[in-house]
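Geometric and topological summary
This is what each chain is made of:
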Amino acid sequence: TPRLADNQPGKVEELVLGEDIRRLALGGNDQLLATDYLGDQLILVDRRHWTLISRIPVGKRPFGVVYQGAMKRYFVTLFEANQLLVIENGEITQTLATAATPRGLALTDDNRLLVTHAMTGEVSIYDVTATTPTLLKTIKLAVNQDQDEFKSQGEPRLLDDIAVSPDGKEAW
């Protein structure tokens with residue numbers, strides 16, 4: 001993963017992280033957490049010194065990662081293990097079972113965690129205001145069938161990512 005070197009215009013530094021980096025999240029204390037999908041690990045990096053802090057072995061296929069500043073923790077999805085991890089101070093502090101194929105993550109301003117489920121066409125919503133995340137509901141996305149073959153339609157699949165609009169009223 002490259003970055004521009006501090007105070008050295010034009011110089012690029014590189015830090016080898018893993019086999020298949022899927023997502024990155026910037027956290028507190030100038031740290032960055034990366035998901036290594038094929039390496040089944042998380043990589044915690046000191047951004048200030050561009051050095052490896054630790055490698056955290058996890059279950060099958062870590063994918064999404066997001067940082068919750070209010071609680072100083074990361075959330076990570078494990079795609080094939082159907083789990084949501086809570087990472088604090090470089091350690092796994094909680095492992096929660098999820099619906100099948102959790103993938104993308106987004107955090108709303110009111111501390112709701114949105115989790116996409118790639119192969120089932122669902123989005124789970126968790127309340128993350130307390131220490132332990134609580135599942136509020138799961139939304140099944142509608143199947144759309146239209147006679148016009150040029151309109152987007154069919155089974156919602158491959159929900160890899162989710163993003164919240166700047167005003168916080170919509171998620172895409």
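Please refer to the structure higher up on the page.
Here the structure is a predicted model, which is why all the values come from computation and not from measurement. (Residues numbered from 1 in each chain as written. Predicted model: local features only at pLDDT ≥ 70, side-chain atom pairs only at ≥ 80, totals over all residues. Heavy atoms only, no water.)

Examining the overall build of the protein
Threshold: Helix and strand assignments follow DSSP, with helices taken as H or I runs no shorter than four residues and strands as E runs no shorter than two, numbered in order from the N terminus. The buried label goes to any residue with under 20% of its type's maximum accessible area, the exposed label to any with over 50%, and the partly exposed label to all in between, with areas taken from a 1.4 Å probe on protein chains only. Contacts are assigned to residue pairs that have any heavy atoms within 4.5 Å of one another. Exposure was quantified through the Shrake-Rupley algorithm and a 1.4 Å probe, taking into account, for residues, occlusion by the shown protein chains and nothing else.
The number of helices and strands found in the protein is 0 helices and 14 strands. Overall, the protein shows an N-to-C arrangement of helices and strands of β-β-β-β-β-β-β-β-β-β-β-β-β-β. A burial count over the protein gives 41% of its 172 residues as buried. When contacts within the protein are restricted to residue pairs at least 6 apart in sequence, long-range pairs at least 24 apart make up 35% of them. Surface exposure of the protein reaches about 9,700 Å², of which carbon and sulfur atoms provide 50%.

Regarding the sheet that holds strand 11 (residues 102-107)
So the rule is basically this: Strand pairing is assigned whenever DSSP identifies at least 2 bridges connecting the two strands. Geometry is summarised by axes, namely lines fitted to C-alpha atoms with helices restricted to the contacting stretch, and by angles between N-to-C directions that run from 0 to 180 degrees.
Pairing is antiparallel across the open sheet formed by 4 strands, whose spatial order is 11-12-13-14. At either end of the open sheet lies a strand with only one pairing partner, and these are strand 11 and strand 14 (134-140). On average, each strand axis in the sheet is tilted by 25° relative to the strand beside it, whichever way the strands run. Bridge analysis of strand 12 (residues 112-117) against strand 13 (residues 122-127) gives 6 bridges, and the strand direction is antiparallel.

Regarding the packing of aromatic side chains
Here is the rule we go by: In this analysis, rings of Phe, Tyr and Trp, with Trp reduced to its six-membered ring, are considered paired at centre separations within 6.5 Å, and the interplanar angle assigns stacked below 30 degrees, edge-to-face beyond 60, and tilted for intermediate values.
Evaluated as defined, the whole model comprises 3 aromatic pairs. Here Tyr 37 and Phe 79 contribute two aromatic rings whose centre-to-centre distance is 6.4 Å and whose plane-to-plane angle is 45°, an arrangement assigned as tilted. Residue Tyr 37 is found in the loop between strand 4 (31-36) and strand 5 (41-46), and its partner Phe 79 is found in the loop between strand 8 (73-78) and strand 9 (83-88); the two are separated by 42 residues along the sequence. Taking relative accessible area as the criterion, Tyr 37 reaches 10% and is therefore assigned buried.

Examining the pattern of salt bridges
Once the charged atoms of two side chains with opposite charge are near each other, the side chains can pair. Our working definition: Salt bridge criterion: a side-chain nitrogen from Lys or Arg within 4 Å of a carboxyl oxygen from Asp or Glu.
Using the criterion set out here, one finds 8 salt bridges in the structure. With a closest N to O distance of 3.2 Å, Arg 47 and Asp 30 form a salt bridge. Linking Arg 47 in the loop between strand 5 and strand 6 (51-57) with Asp 30 in the loop between strand 3 (21-27) and strand 4, this pair joins segments that are 17 residues apart in sequence. Exposure remark for Arg 47: the relative accessible area of 30% places this residue in the partly exposed category. Assessed through its relative accessible area of 27%, Asp 30 is described here as partly exposed. Close ionic contact of Arg 48 with Asp 30 constitutes a salt bridge, the shortest N to O distance being 3.0 Å. Note that Arg 48 is positioned in the loop between strand 5 and strand 6 and Asp 30 in the loop between strand 3 and strand 4, a separation of 18 residues in sequence. What emerges from the salt-bridge pattern is a single network uniting Asp 30, Arg 47 and Arg 48.

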